[in-house]
Amino acid sequence: MSVQEDASQCGGVVVEFESENIREQRGRKDRNKPGSALIYLRGPKFLIYVSGALSMWGDRMWHFAISVFLIELYGRNLLLTAVFGLVVAGSVLLLGALIGDWVDRNPRNKVAHASLFIQNISVTVCSIVLMLVFSYKQWIEQIWDGWLTVVCYTVVIVLADVANLASTALTITIQRDWIVVITGYNRGHLAGMNATMRRIDQVTNILAPLAVGQVMTLASNVVGCGFILGWNLLSLIVEFIFLSRVYRIVPALSVKPPVEDLNQACLQRRRRRRRRLPVSAREALALAEDNHNVPLNLKEITNLPLCFQRFRCLVSTCMDGWRAYYRQQVFLAGMSLAFLYTTVLGFDCITTGYAYTQGISGSLLSVLMGVSAITGLMGTVMFTKLRKAYGLVNTGVISSCLHLGCLLLCVCSVFAPGSPMDLSLLRPYSDSNASVAAGGMAGQTQKHTYPLRGGSNLPLLPDRSSIHWTNNTVLFDNVPVGTAPESYISIILLFLGVITARIGLWSFDLTVTQLLQENICESERGVVNGVQSSMNYLMDLLHFIMVISAPQPQHFGILVIISVLFITTGHTMYFLYARKAKRKHGLDT
């Protein structure tokens, strides 16, 4: 028997939270039962972990491989990769609310199965297209004066984007909804499952690109496509079976609060708009409706084609999704997490590319990435310990302070010896001859920065994927080898700050994730998390704009400072949320 600490009515489902002591006592009793290990292996948590690991491994392999494939297809130019990154970010930004609304309106098993099927089939078909393009590239380029190649590129990008949208829907379904129901709305169990899923994500983020990269290096791109194709087909079958079993053994997953259909939702929105009209206008409208002389809404034209009416309802659904996100009690917490995406202080291609210009070898970067994965795992462990000792909201405050404190090392690296920052390069439209002369003089004093050869109009920035594994062979093959910088102090401080900051970063990420899970009504869980994904991608786009505006290594210090300012703003929002939550509810959560 459990002790109920809190119960709230949300979407027709009573949410109950158990005390930590009761949960631990029941957990010890369950572990002492005969065959408890077998029961766990057949239980919903383990099945979710295995299914999530397969899905994450496939996602990480695909995100890495598609970036490399697009570079190889376009003659080692980053244009296709940049276009793909913009298409992915723009599609989630525009469709995030609709994806979440679709998750809310349909049964959980249908949403999970449909998302899983669409994602894996899209990747499978895209892999087949890539295999054909790599195998018959010269023949394809001669058809339709090369336009068939453009069609193939478009098909690949569209299919990859569809796979990403389906992956977003599956993530919202499993990691934001199913986990909450499986844990029985128990805060301790929920924190444990969130932390475990994040640990799996951290491990696969390192190992999956390495595995598929080895296949592509030792064999060929065609074999790499075939490997991904086979993995997705096998993963589709296993994940389908496991998710179906979880749905059967957890009866609560089949219970979902009803959500009005799209036409009913549009009707409700019309009524709300009508209630905002003056009294006289409402009376005239009601009289006209009774006489059937005018349409339901004076502002709408009833003779519009059905497709346009449908489109207007979809736009209204998106707007309602953003309004629902804004009115959430955890709105500031969600915004704080989104602001953390506008940063260059992570192990993406931009930071690792900058490290290459500072004389850091690829092997050393691989070691640093492994260390960063370890610190990320430490952050997940710290989250569970802090949440149990100080509560969820206080855990976010502690994690924020730790994150900001570590990032101060990155700010110090901007002004430390060995930093290539040169503010004079920010002057626009400088004379090209003067720039060449200045570059020659800089080469005598800043030997650890190297300009890339090629036209200045070539795109230099891919999407934020794991493409850094191939920087030494693809992105920076013109960088001189063996040239040491004048001082390593700046780059040491930079990576020391980035690596240690991941402890607070992932602890804070898990804190906000659980706050969203606990405080969003079940009937709005999908749409709010869809809008959260849109916000994350929006702030990620700002990060690209920052780097495009200041792409040279000498500008990187400015980008570091701007990144820290965005992160500070995000954590300030969380501090405001924490203060408001404690004052309003007085909860030690």
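In what follows, the structure referred to is the one given above.
Residues numbered from 1 in each chain as written. Predicted model: local features only at pLDDT ≥ 70, side-chain atom pairs only at ≥ 80, totals over all residues. Heavy atoms only, no water.

Thoughts on the overall build of the chain
Here is step 1: Looking only at helices and strands, the chain has 21 helices and two strands in total.
Here is step 2: Split into buried and exposed, the 589 residues of the chain put 50% on the buried side.
Here is step 3: Counting only carbon and sulfur atoms, one obtains 64% of the accessible surface of the chain, whose full area is about 27900 Å². (Helix = DSSP H or I, 4+ residues; strand = E, 2+ residues; numbered from the N terminus. Buried < 20%, exposed > 50% of the residue type's maximum accessible area, 1.4 Å probe, protein only. Areas by Shrake-Rupley, 256 points an atom, 1.4 Å probe, with all protein chains shown as cover.)

Remarks on the packing of helix H13 (residues 331–339) against helix H20 (residues 525–549)
Here is step 1: Here H13 crosses H20 at 35°, and the two axes come no closer than 8 Å. Like other packed secondary-structure pairs, H13 and H20 cross with a definite hand, here right-handed. Judged by residue contacts, Gly334, Met335, Leu337, Ala338 and Phe339 of H13 engage Gln532, Met535, Asn536 and Met539 from H20.
Here is step 2: Residues belonging to the contact of H13 with H20 are distributed by class as follows: six nonpolar, three polar and no charged. (Axes fitted to C-alpha atoms, helices over the stretch in contact; angles between N-to-C directions. Left-handed = near helix turned anticlockwise from the far one by under 90°. Contact = heavy atoms within 4.5 Å. Nonpolar A, V, L, I, M, F, W, Y, C, P; charged D, E, K, R; others polar.)

Let's talk about the pattern of salt bridges
Here is step 1: The full count for this structure, using the stated rule, is nine salt bridges.
Here is step 2: With its nearest N and O atoms 2.8 Å apart, the salt bridge here joins Asp177 to Arg108. One end of the pair, Asp177, is in helix H7 (residues 147–182); the other, Arg108, is in helix H5 (residues 108–135), with 69 residues separating them in the sequence. As far as the burial class goes, Asp177 and Arg108 line up, both buried.
Here is step 3: A salt bridge links Arg323 to Asp320; its shortest N-O distance comes to 2.6 Å. One end of the pair is Arg323 and the other is Asp320, both in helix H12 (residues 306–326) and three residues apart, which spans about a single turn. (Salt bridge = Lys/Arg side-chain N within 4 Å of Asp/Glu carboxyl O.)

Section: H13
Here is step 1: In terms of residue burial, H13 counts as a mostly covered element, since seven of its nine residues are buried.
Here is step 2: When H13 is considered as a whole, its buried residues turn out to be Ala333, Gly334, Met335, Ser336, Leu337, Ala338 and Phe339.

Focus on the packing of helix H8 (residues 187–218) against helix H9 (residues 221–249)
Here is step 1: Two numbers describe how H8 lies on H9: the axes approach to 7 Å, and their chain directions differ by 145°. Crossing handedness for the pair H8 and H9: right-handed. Residues Val212, Val215 and Met216 of H8 lie in contact with H9, whose contacting residues are Asn221, Val223, Gly224, Phe227 and Ile228.
Here is step 2: When its residues are assigned to classes, the contact of H8 with H9 shows six nonpolar, two polar and no charged.

Structural notes on the packing of aromatic side chains
Here is step 1: For the coordinates displayed, the defined rule picks out nine aromatic pairs.
Here is step 2: Considering the side-chain rings of Tyr325 and Phe331, the 5.5 Å spacing of their centres and the 80° angle between planes classify their relative orientation as edge-to-face.
Here is step 3: One aromatic cluster is present, formed by Tyr325, Tyr326 and Phe331 through successive ring pairs. (Phe/Tyr/Trp six-rings, centres within 6.5 Å; stacked < 30°, edge-to-face > 60°.)

Describing unusual backbone geometry
Trans peptide bonds make up the majority, and among non-glycine residues the majority have a negative phi.
Here is step 1: Even without being a glycine, Tyr185 presents a positive backbone phi close to 60°.
Here is step 2: Mapped onto the elements, Tyr185 comes out in the loop between H7 and H8.
Here is step 3: Exposure remark for Tyr185: the relative accessible area of 12% places this residue in the buried category.

So, the side chain of Thr511
Here is step 1: Tracing the sequence through the fold places Thr511 in helix H19 (residues 489–519).
Here is step 2: You can call Thr511 buried: its relative accessible area is 0%.

Structural notes on the side chain of Asp101
Here is step 1: Among the secondary structure elements, Asp101 is positioned in helix H4 (residues 79–105).
Here is step 2: Setting aside residues up to four positions removed in sequence, Asp101 forms contacts with Thr317 and Val527.

A word on the nonpolar core
Here is step 1: In terms of nonpolar packing, the biggest core is built from 65 residues, with Leu345, Leu494 and Tyr574 touching the most fellow members.
Here is step 2: In terms of residue count, H19 provides more of this core than any other element does, 11 residues in total.
Here is step 3: Ignoring any residue separated from it by four or fewer positions in sequence, one finds Leu494 in contact with Leu345, Tyr354, Cys410, Ser413, Phe556 and Val560.
Here is step 4: Listed in part, the 33 residues of the second largest apolar core include Leu73, Val88, Tyr153 and Ile228. (Core = buried A, V, L, I, M, F, W, Y, C linked by side-chain atoms within 4.5 Å.)

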